[in-house]
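Given next are the chains, with one letter for each unit.
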Amino acid sequence: MMVNKDRIWKRLEELGQIGKKDDGLYCMALSEEENEAYKLVKRYMEEAGMTVRRDAAGNLIGRKEGKNPGAPVLMTGSHIDTVYGGGIFDGRLGVIGGIEAVQVMNENGIETEHPIEVVAYRDEEGTRFIGSYSGARYRTGRPLPGILDHVDKDGISVREALRSCGIDPDHVQ
């Protein structure tokens, strides 16, 4: 059983077109570009045979059910937002790699005892807003106090950016 290197590379390259500029990628957290990237990653998760949902914080979660749905979840993943001028690997390879592992298991009829979830977290780079919103912090119940009122260089607050992404800021606290 082997991962499909061509599929991994194709997905990284395709994802790398979103927010691409001459000097790198600009896929800032809670932006139009990140929303577009999340739609693409959702499609990859579905192609891999996962059920996909978004949590209250906006994190994207693909799930491969296990034989024992009540068993503790094996979780993997990372983020897809970038720093200014970032590249195609940081964070994204963790998400695409997790999706690929699940897809290969599904293609080979491998069942696991535990459910597996691949998570694409929101705002892990902490580039757009001073003091990262961090979808991972919300998943663990440890958000930074006052973070929803932090603003980016254009004066847009985390609260406003969440709303523009269809995420209710009143339900992420």
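Structure: above.
As a starting point, this report considers the structure included with it. Sequence order as written defines residue numbering, which begins from 1 separately in each chain. The model is predicted, so local features are restricted to residues of pLDDT at least 70 and side-chain atom pairs to those at 80 or more, both for listing and for counting; the totals for chains, interfaces and linings are taken over all residues. Values reported for side chains reflect all heavy atoms of the structure, with hydrogen atoms and water molecules removed beforehand.

Side note on the pattern of salt bridges
Turning to step 1, where the next piece is worked out: Should a side-chain nitrogen of Lys or Arg be within 4 Å of a carboxyl oxygen of Asp or Glu, the pair is scored as a salt bridge. With the rule as written, the count across this model stands at 15 salt bridges.
Turning to step 2, where the next piece is worked out: Between Arg-43 and Glu-14 there is a salt bridge; the shortest N-O distance is 3.5 Å. Of this pair, Arg-43 sits in helix H2 (residues 32-47) while Glu-14 sits in helix H1 (residues 5-15), placing them 29 residues apart in sequence.
Turning to step 3, where the next piece is worked out: Residue exposure (1.4 Å probe, protein chains only): buried if accessible area is under 20% of the type maximum, exposed if over 50%, otherwise partly exposed. For Arg-43, a relative accessible area of 35% corresponds to the partly exposed category.
Turning to step 4, where the next piece is worked out: With a shortest N-O distance of 3.0 Å, Arg-43 and Glu-47 are connected by a salt bridge. Linking Arg-43 with Glu-47, this pair stays in helix H2, spanning 4 residues, or about one helical turn.
Turning to step 5, where the next piece is worked out: Shared partners join several salt bridges into a network, and the residues in it are Arg-53, Asp-55, Arg-63, Glu-65, Glu-117 and Arg-139. Comment: elements are numbered from the N terminus, with helices defined as DSSP H or I runs of at least four residues and strands as E runs of at least two.

Some remarks on the packing of aromatic side chains
Both the distance between ring centres and the angle between the ring planes are used here to describe each pair of aromatic rings.
Turning to step 1, where the next piece is worked out: Note on aromatic contacts: the rings of Phe and Tyr and the six-membered ring of Trp form a pair at centre separations within 6.5 Å, being stacked when their planes are under 30 degrees apart, edge-to-face when over 60 apart, and tilted otherwise. What the rule picks out here adds up to 3 aromatic pairs.
Turning to step 2, where the next piece is worked out: Aromatic pair Trp-9 and Phe-89: ring centres 5.9 Å apart, planes at 35°, arrangement tilted. Of the two residues, Trp-9 sits in helix H1 while Phe-89 sits in the loop between strand E5 (74-79) and helix H3 (92-107), which places them 80 residues apart along the sequence.
Turning to step 3, where the next piece is worked out: Where Tyr-26 meets Tyr-84, the ring centres are 6.2 Å apart and the plane angle is 45°; that geometry is what we call tilted. Taken together, the positions of Tyr-26 in the loop between strand E2 (24-25) and H2 and Tyr-84 in the loop between E5 and H3 put the pair 58 residues apart, joining distant regions of the chain.
Turning to step 4, where the next piece is worked out: By relative accessible area, which is 42% here, Tyr-84 ends up partly exposed.

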